[in-house]
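# Close look at the chain arrangement
The chain contents come next:
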Amino acid sequence: MSSELTDRTDLFEEFGEERLPPGQRKTDRFPVLSKSGTPDWTRDDWRFEVWGAVEEELSLGYDEFRELPADTQRQDFHCVTGWSKFDCEFTGVTFPELADRVGVRDDAEWVMFHALDGYTTDLPLAACDREEVMFVYDHGGERLPDDHGGPLRVVTPHKYAYKGAKWVTGVEFLTEPERGYWEKRGYSDTANPWNEERYS
Ligand SMILES: Nc1nc2c(c(=O)[nH]1)N[C@H]1C(S)=C(S)[C@@H](COP(=O)(O)O)O[C@H]1N2
Ligand SMILES: [Mo]
């Protein structure tokens, strides 16, 4: 499904002076960073699920996911190891769109993303419930490559990119904070690139 392009590369104005966050350098490549390689998946078995503090749990196959209302955004991407890639074109479903579908309960405060490779990452609900947080299946109008998290990944352009789970298969709404994979290992919970919140 195609959709109109929204430019969100001015997002930095909410957080800092410069588009390139402090201590970052711009790269034109799109490096791959994974804790343990690219997991195997098959289109037939792949499912995406939402559970926890929601009115209605959700479980969708790949084609069903692609039928949800789509959005295309131009965004920047900031890795905590020091590189930033400008002007990525991502197509997918926004977090608020998905949240609407499940009906987030009033006692939900935190979100945990789960991925095929066992990766997890967490954010406060308020930091997720933003239009630029997306579940992405296309990059530059093509299917998202497997090593960048295909068939589905999360992007968080207002945070360092470890907050965006590749190969995302689940979103869990929590009533209390929990720590994800890197957050347990010393990376910042808040991860604001314009404040250089790299470590906790
Ligand atoms: N499932 C999963 N998601 C992940 C990771 C991972 O190891 N597993 N690495 C994170 C890190 S540290 C970064 S910088 C980005 C890298 O995304 P890229 O490989 O598309 O550049 O994915 C994030 N999401
Ligand atoms: Mo990273």
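Our subject is the structure listed above.
So, here is what we can say about the structure in this document. Only a predicted model underlies this, so the values are computations on that prediction, with no experimental measurement involved.

## A look at the sheet that holds strand β3 (residues 47-52)
Reading across from one edge, β4-β3-β12-β7-β8 is the order of the five strands in this open sheet, with mixed pairing throughout. Both edges of this open sheet fall to β4 (58-61) and β8 (120-124), since each of them pairs with a single strand only. Going across the sheet, the axis of each strand differs from the next one's by a mean of 15°, ignoring polarity. For strand β7 (residues 110-115) and strand β12 (residues 168-174), the ladder comprises six bridges, and the chain directions are antiparallel. Across the sheet, the residue bridging to Trp-110 is Leu-174, located in β12.

## Focus on the pattern of salt bridges
In a structure, side chains of opposite charge can pair up when their charged atoms sit close to one another. Summed over the entire model, instances satisfying the criterion amount to 15 salt bridges. Across the pair Arg-19 and Asp-87 runs a salt bridge whose closest N-O atoms are separated by 2.9 Å. You can see Arg-19 sitting in the loop between β1 (5-7) and β2 (25-26) and its partner Asp-87 sitting in strand β6 (residues 83-94), a full 68 residues away along the chain. In this structure, Arg-198 engages Glu-196 in a salt bridge whose closest nitrogen and oxygen atoms are separated by 3.0 Å. One network of salt bridges, in which partners are shared, links Asp-7, Arg-74 and Glu-89.

## Regarding the environment of Ser-200
Examined against the element boundaries, Ser-200 turns out to sit in the segment after β12. Separated by 74 residues in the primary sequence, Ser-200 and Ala-126 have C-alpha atoms spaced 20 Å apart. If we skip the residues at most four places from it in the chain, Ser-200 touches Gly-186, Tyr-187 and Ser-188.

## Side note on the site of ligand 1
Surveying the vicinity of ligand 1 reveals 20 residues, the closest of which are Pro-31, Lys-35, His-148, Arg-153 and Lys-166. Within the contact set of ligand 1, a nitrogen atom lies 2.8 Å away from a side-chain nitrogen or oxygen of Asp-117. Taken by itself ligand 1 offers 540 Å² of open surface, and the protein chains cover 98% of this. Taken together, the residues of the shell around ligand 1 break down into 13 nonpolar, three polar and four charged.

## Observations concerning the pairing of strand β9 (residues 134-139)
Burial of β9 is extensive: five of the six residues sit out of reach of the surface. In terms of strand pairing, β9 meets strand β11 (residues 153-155) through three bridges, oriented antiparallel. Note that in β11 the partner of Val-136 across the bridge is Arg-153. Across two bridges, the pairing between β9 and strand β10 (residues 142-143) is antiparallel. Across the sheet, residue Asp-138 finds its bridge partner in β10, namely Arg-143. Hairpin connection between β9 and β10: a loop of two residues separates the two successive antiparallel strands, and Gly-140 in this loop has a positive phi of roughly 60°.

## Let's talk about the environment of Gln-24
Following the sequence through the fold, Gln-24 ends up in the loop between β1 and β2. Residue class for Gln-24 comes out buried when judged on its relative accessible area of 8%. C-alpha of Gln-24 to C-alpha of Cys-79: the two residues are 55 residues apart in sequence and 8.3 Å apart in space. Once you skip the residues sitting within four places of it in the chain, Gln-24 turns out to touch His-78, Cys-79, Gly-82, Trp-83, Ser-84, Tyr-160 and Arg-198. At 3.1 Å, the side chain of Gln-24 forms a polar contact with the backbone oxygen of Trp-83. Within the structure, Gln-24 has its side chain in polar contact with the side chain of Arg-198 (distance 2.9 Å).

## Thoughts on the nonpolar core
Grouped together as the largest cluster of nonpolar side chains are 40 residues, with contacts concentrated most on Phe-48, Phe-65, Phe-95, Phe-113, Phe-135 and Phe-173. Listed by contribution, the elements that provide at least two residues to this core are β3, β4, α1 (62-66), α2 (95-102), β7, α3 (125-128), β9 and β12.

## A look at the pairing of β6
Among the 12 residues of β6, 10 are classified as buried, and the element is accordingly described as predominantly covered. Across seven bridges, strand β5 (residues 71-78) lies against β6 in antiparallel orientation. Bridge pairing in β6 places Asp-71 opposite Gly-92. The turn linking β5 back onto β6 is made up of four residues, and Gly-82 within it adopts a positive phi angle of 120°.

About the cut-offs
Residues numbered from 1 in each chain as written. Chains lettered and ligands numbered in written order. Predicted model: local features only at pLDDT ≥ 70, side-chain atom pairs only at ≥ 80, totals over all residues. Heavy atoms only, no water. Pairing = 2+ DSSP bridges. Helix = DSSP H or I, 4+ residues; strand = E, 2+ residues; numbered from the N terminus. Axes fitted to C-alpha atoms, helices over the stretch in contact; angles between N-to-C directions. Salt bridge = Lys/Arg side-chain N within 4 Å of Asp/Glu carboxyl O. Contact = heavy atoms within 4.5 Å. Near = heavy atom within 4 Å. Polar contact = N/O pair within 3.5 Å; in protein donor to acceptor, adjacent residues only side chain to side chain. Areas by Shrake-Rupley, 256 points an atom, 1.4 Å probe, with all protein chains shown as cover. Nonpolar A, V, L, I, M, F, W, Y, C, P; charged D, E, K, R; others polar. Buried < 20%, exposed > 50% of the residue type's maximum accessible area, 1.4 Å probe, protein only. Core = buried A, V, L, I, M, F, W, Y, C linked by side-chain atoms within 4.5 Å.

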